[in-house]
Structures are given as structure tokens and as C-alpha cells.
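As a plain string of letters, each chain reads:
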Amino acid sequence: MNKRTSNWDYSSIKNFPEGATIQRNGEALIVIRRKTIYDPTIGRGKDASREYLGRVVDGVFYSRDEYRLKFQKGGKPRRVPLIPHVSTLGVPEAFKSLSDDELKQLLIAETVDVPVSCVPILHRIALELNIIEDLQASFGNAAADAIFTIAAFHICTGDNSARAFEHWARNRLLPESIDLKDGRDLSNLYEQIGTNLENVHRYTACRIARNKQAKLLLSVDSTTIACGCSNSAKAKIGKNKRGQIESQINLAVTFNTTTHQPILYRVLPGNINDCQTVLELLTSFDEYNVNIPECAASLDRGYFSEENLLIAYKAKVKCIFAAKINIGWIAESIDRVRTKFVDAKKGTGNHAYALKDGSCLGLTIERRIKVNGTLFAVYVHVFKSERTASYQLERFYSELNKFENLWISKGKLTKRLRKESIMKYFIVDDGDGSCVPKLIRDKKAIDDAVKNFGIFVDVTTWRCSAQECYEFYGFRRDIERIFRTGKSDCNMNVQRTHNDRTMEGKCFVNFIELSILEELKQRLATDQMKVLKSGKTRVELAKHTFDIDDVINGLDSVAYTRRKSNGALITREVVEKQREIAIACGCRGIFDMPYTY
């Protein structure tokens, strides 16, 4: 496909959008709007985003929708006539024999399909989590219903594009106060939310108040979101989790590890590292004057460094890092603990280091480190999992065997194979040069590699036991799963907005989505019980019978029928699987009667 650009006189093209350019694709003139960023890895600019606006035909610009209506593939005018709206047609001859009352009754006797899908279940969950109540207290009833509706739209469609809202909302059963018509209304609401951040802070205060307990354990994490905002102070060029350079923002969220509910978030510039992001969020609780007894940040191995430990120490916040085991003082701590594990295994004291669930052994060592002239204490928690060690050992020797077989079968490629990283576990015997060099396993290198199999290390900036550290860091997997859910199910991994205010509002709606989605996942992962006549209970529906995709796709066909004559809603029969999905979501019988918001 040949693509080339040329110099065009855009002023001579009728209705041509400002800031757009033309890209020729064969005979087609495609109109796009592009944004470029400088990529230091290639030493030049590259496209950060490209928006397809429409096409130019015979000196006239047509938007995507206009072009689709007027032209078919290849730019040829459509031969199929467009059907006009019924209101523009004259009175049929068949109606002329009817009186006005008879005609009116005949026209309103028909019924209309009302799509329902899983929105009532999402609304029931939001009610039971008091999300609707807190939104109403912070934004008013109408805006609260609008915010929930947009969140439900994102969840149901997996699309955070505003332009798809109009089609999704058409005739759908939604709260009566909803007055959102199209994507422009959504963008306006996003901007209102981003402009009135005091309302957002009030909602956050409501969620903190509901989650304030005597022993509340919080966990903090952040994720990067690609941002196509054309006029943003927070969208900065940075590296994402895959190491790619792009314009992005940081979304940092605080979670209640008891309920797995997000209760606070911040949108921060995309060029600051993960450690600074979560430390910023941890200190945000001071704004609400709330005394949180246990609040800590979980950071993965990519952000472990002595400098970040010093940042956490000076900020006087609790952080837990997954440590890199090749750092000197970490390796020394592992050697000290490994000896104790081995001695305990020889005797009868192995259980002294076993964690409660028996999954691994754990031991804590206090270390004092000096960074940039500052001496402070950290706590190294070393864990050893025999199951993980066995699995890693099996995988390791499988890779060694596979490479040895490749070396023998591909003798002519030995020069290339010598560059492979796995060669550090082999010694090459070239012999007299008349045959393929032989591989000899380096026992010392292999012993050094396998001795740390099954071992993982966490470092905390506060004193706690290995058991407490293990339990707390385990919550991080749940948090990462929540972020993955939001990015995959709601397309949260990309934000396309016009300014910072719109972006702030959209991130707030994403925050509401995370709350609803996490509760939905918790319910789907729980056995649903049924009370028998005898008073006993039994499992009616096993956990993990359905997942979120089953809920969204399985309930997509649920609909009501509305009579035009009186506006009454009539329920339709739902299949057995849809009833079971409702039970799995904790909403038994929700489709038996028309749902009222």
C-alpha cells in the first residue's frame, strides 16, 4: 500500500478541519490529525497518536459518518437510497379513512425494545457499596446518576470513547434523571468534574470515613496510562511498564486491603517514578486530617534502590519493596538466613520459620544502611518456598538440556550460540578444531544459580514480622489484578481527552469503575449459598463459575418491552444461565420484575 504526503492548499478545501493534514492512500485522500513526540532511542520524532477524521472527495471534506452515508468502499457514491425519517413522509392513503382518535391509538399501540443488559446488577452493587449515596452527597442526584451511567457504559462496552455512548444509551433502561445524549455531553460532564475538584474531595472524604476502622490496613500502588491529551500539563513523556516511550500520566490509588475497595486516588505527571508517585499519595491523607493506623506502599522490584529507601525514610512513610537479590547487602542477608534454614531442616526446628499457611519459610533481619551520608535502619524479610524452588529447578535443567541439544544439532551455528546468555553455565571445549566444540556444564556457576531458587526478599522501612510482611505484600497481587481488570475490561490503559480538566473527570469515573468491578469480582469468586427449608445451607452456585466477561456478554441480550400507549415496562423471559449469573453476582431475581433506579 503506497502512502505519501504532499503539500496541499487546505484553504481551498471546503469544511477542512483546523490542524489536520491529508495523507494519500492510493487514490483516497485521508484526513488525519497527528501528534508527534521526540523518542531519544531513535533520535527523532515519532507519532504519539493519530486521529482519523474523515476524507476529502472532489474538494470537500466529509467526516467519517458523512462519508459512510454518502460513499461506499472505493469512494464511489452509494446507489442505495437513504430512508427518510417517518415524520417527513406524507399521510398514507390507508390512514385517511380513520378518525384522529383511531389514528392516534393505532400509532401508539406498538411496543419498543428496552435494552437492559447488566446495568441493574452494577447499580445494585453501587447501592450496596454506598457509592450512589456518596455520589449524591458530593455531586447531587442528577450528576450522581450521570456518573454511574458513564461508569456502567465503560464496563458494559469495554470502551472509554465518548462517541460510542449515544448508540449504547439509545432506548436503554437508565435512571430517569439522565439527560446525556451523546459524546459531547460526556466530555462536558468530565470537564465539570475536573473543574469542581472540591466535589471530588468530598466524595473521597465520604469513602475514607466509611473505611475508617480501628485496624485499617491500606496499600498503595500506581499505574501508567497512555494519555493522548493535546493540552495537558500532567501528560509527560516517560517510559511505560514495557519500556516504551510515550506520553502518559500516573494514576496512584489507595486500597483498603480488607474490602479490596479503592478509597483515594491522585492523577500525577507521567514522568515521575513509581516510588515518588505512591509517596505523594501516602502523604495525601494529611489533607483529610484522618489518623490512619496502618498505611503503607507496595513497590515492585523495578523500583527497589537505596535512593528510594532513603526517600521513604525521610518522608517517614511505610514502604515495602520487592528487593533485588544481587545487591551486596541483600545477598549477605540471604546467606545468613539460608544457613539458618538449612540447620533447621536438619533438626526439628524447621517449623519455627514456617509461615501460617505452610507455603514457605520466612525470617527477618534488621540492617542498617548508609545512603548519601544518612544512616538508617531497614528490615530485610527473606522467604524460601520449596515448591517454587522445585519448579524453578525443573525449568532450569530443562533449559540447559534444550540448549545442549540445540548446540549438537546446530553445530554450524556455534559462533552465534556462544553469545546466548545461558552460556554462562557452560565451558566450551574446542578440542583440536576438527569437530563441533563440546559443552561442559560449569558446576560452580550452576550451584551459584540454583542456591537462590525459591528465595524472594522484601525490604520494609518499618519493623514488622516476616508473617506480617508476607501477608501485606500478598495484597499487591490483588491490586495489580484490579488495575489489569480496569485496563482490559474498561480500556483504561488509554486516555484521550482535550485538557487536564477533562482528564481529571475521566480518571474520577475510572475510579468509580474500579470500585464496582472489584466488588463484582469478589462476588464471582465467592460460593453462593442457598438456605433450605430445614434451615441448613448448601452451595447453590460454586465460586468462579462465571467471570466478568460472562456477566457482560451473557446478560447483553436481557431486555424489557415498553408499551407506547402507557409507557409500562414488561419483563421478558430470561434463560436459566442468565438467572445463574444474577445469583453469582449476589442479585437473585433481579430480572423477575422491571428494575427501578
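Residues numbered from 1 in each chain as written. Predicted model: local features only at pLDDT ≥ 70, side-chain atom pairs only at ≥ 80, totals over all residues. Heavy atoms only, no water.

Caption draft 1: Structural detail: the overall build of the protein chain. A count of helices and strands for the protein chain gives 18 helices and 22 strands. Looking at the protein chain as a whole, 44% of its 597 residues are labelled buried. Of the roughly 32,700 Å² of accessible surface on the protein chain, 49% is carried by carbon and sulfur atoms. (Helix = DSSP H or I, 4+ residues; strand = E, 2+ residues; numbered from the N terminus. Buried < 20%, exposed > 50% of the residue type's maximum accessible area, 1.4 Å probe, protein only. Areas by Shrake-Rupley, 256 points an atom, 1.4 Å probe, with all protein chains shown as cover.)

Caption draft 2: Focus on helix H7 (residues 183–195). Between its first and last C-alpha atoms H7 spans 18 Å; for 13 residues at 1.5 Å apiece the expected length is 18 Å, and the two agree. Those residues of H7 that fall on the buried side of the exposure criterion are Gly183, Leu186, Leu189, Tyr190, Ile193 and Gly194. For H7, the angular spread of buried residues about the axis comes to 135°, placing them on one side. Elements that come into contact with the buried residues of H7 comprise helix H4 (131–139), helix H5 (141–157), helix H6 (165–169), helix H8 (197–211) and helix H16 (500–524). (Expected span 1.5 Å × (residues − 1). Arc of directions from axis to C-beta. Contact = heavy atoms within 4.5 Å.)

Caption draft 3: Representation of H4 in the model. Of all the residues in H4, the buried ones are Ile131, Ile132, Asp134, Leu135, Ser138 and Phe139. On an axial view of H4, the arc spanned by its buried residues comes to 165°, and they lie on one face. Residues of H4 that are buried sit in contact with helix H3 (119–128), H5, H7, H8 and H16. Looking at the residues trailing H4, positive phi occurs at glycine 140, about 95°.

Caption draft 4: Fine view of the sheet that holds strand S6 (residues 111–115). Spatially, three strands are ordered S6-S21-S22 in an open sheet, and the strand pairing comes out antiparallel. One side of each edge strand has no neighbouring strand; the edge strands of this open sheet are S6 and strand S22 (569–571). Here the strands of the sheet are splayed against their neighbours by 35° on average, with no regard to which way each runs. Here five bridges tie S6 to strand S21 (residues 559–563), and the two strands are oriented antiparallel to one another. Residue pairing in the sheet places proline 115 in a bridge with alanine 559 of S21. (Pairing = 2+ DSSP bridges. Axes fitted to C-alpha atoms, helices over the stretch in contact; angles between N-to-C directions.)

Caption draft 5: Region of the structure containing the packing of H4 against H8. Where H4 meets H8, the closest approach of the two axes is 8 Å, and the angle between their N-to-C directions is 140°. Crossing of H4 against H8: the hand is right-handed. Side by side, H4 and H8 meet where Ile131, Glu133, Asp134, Leu135, Ala137, Ser138 and Phe139 of the first sit next to Asn199, Val200, Arg202, Tyr203, Cys206, Arg207 and Arg210 of the second. Per-class residue counts for the contact of H4 with H8 are seven nonpolar, two polar and five charged. (Left-handed = near helix turned anticlockwise from the far one by under 90°. Nonpolar A, V, L, I, M, F, W, Y, C, P; charged D, E, K, R; others polar.)

Caption draft 6: Examining the pattern of salt bridges more closely. Inspection of every chain in the model, using the stated rule, returns 18 salt bridges. Notably, a salt bridge pairs arginine 588 with glutamate 540, separated by 2.4 Å at the nearest N-O pair. Taken together, the residues arginine 588 in the segment after helix H18 (576–584) and glutamate 540 in strand S20 (residues 537–541) connect sequence positions 48 residues apart. Note on arginine 588: relative accessible area 46%, which makes it partly exposed. Taken together, the salt bridges that share partners define one network made up of Glu133, Asp134, Arg207 and Arg210. (Salt bridge = Lys/Arg side-chain N within 4 Å of Asp/Glu carboxyl O.)

Caption draft 7: How the structure looks around the confidence of the model for the protein chain. Scored by pLDDT, the protein chain comes out at a mean of 80, with 80% of its residues at no less than 70. Predicted confidence in the protein chain is weakest over strand S1 (residues 3–4), with a mean pLDDT of 44, and strongest over H3, with 95. For the stretch residues 1–5, pLDDT sits under 50, and the model shows eleven contacts to residues farther than four places along the chain or on other chains. (pLDDT = per-residue confidence, 0-100.)

Caption draft 8: Structural view of the pairing of strand S12 (residues 318–322). The buried count for S12 comes to four of five residues, which makes it a mostly enclosed element. Of the pairings in the sheet, the one linking S12 to strand S17 (residues 455–460) comprises three bridges and is antiparallel in character. When the bridges of S17 are listed, phenylalanine 321 appears paired with valine 459.

Caption draft 9: Spotlight on the packing of aromatic side chains. The full count for this structure, using the stated rule, is 21 aromatic pairs. By way of ring pairs, the aromatic residues Phe396, Tyr397, Tyr425 and Phe453 are connected into one cluster. (Phe/Tyr/Trp six-rings, centres within 6.5 Å; stacked < 30°, edge-to-face > 60°.)

Caption draft 10: Local environment of the nonpolar core. Counting 71 residues, the largest nonpolar core has Phe508, Ile512 and Phe591 as its most contacted members. With near-sequence residues (within four places) excluded, isoleucine 512 lies in contact with Ile131, Leu135, Ile147, Ala151 and Tyr203. By size, the runner-up hydrophobic cluster in this structure holds 27 residues, among which are Ala297, Val317, Ile330 and Ile369. (Core = buried A, V, L, I, M, F, W, Y, C linked by side-chain atoms within 4.5 Å.)

Caption draft 11: Highlighting the layout of surface pockets. Of the voids in this model, the second largest pocket is the one considered here, and its volume is about 550 Å³. For the second largest pocket, the lining is made up of 25 residues, of which Arg172, Leu173, Leu174, Pro175 and Glu176 are closest to its centre. Listed by contribution, the elements that provide at least two residues to the lining of the second largest pocket are S6, H4 and H6. The residue makeup of the lining of the second largest pocket, split by class, is twelve nonpolar, five polar and eight charged. (1 Å grid on protein atoms, 1.4 Å probe; cavity = no way out; pocket = protein on both sides within 12 Å on 5 of 7 lines; lining within 4 Å. Points joined across faces, edges and corners; volume = space filled by probe spheres on them.)

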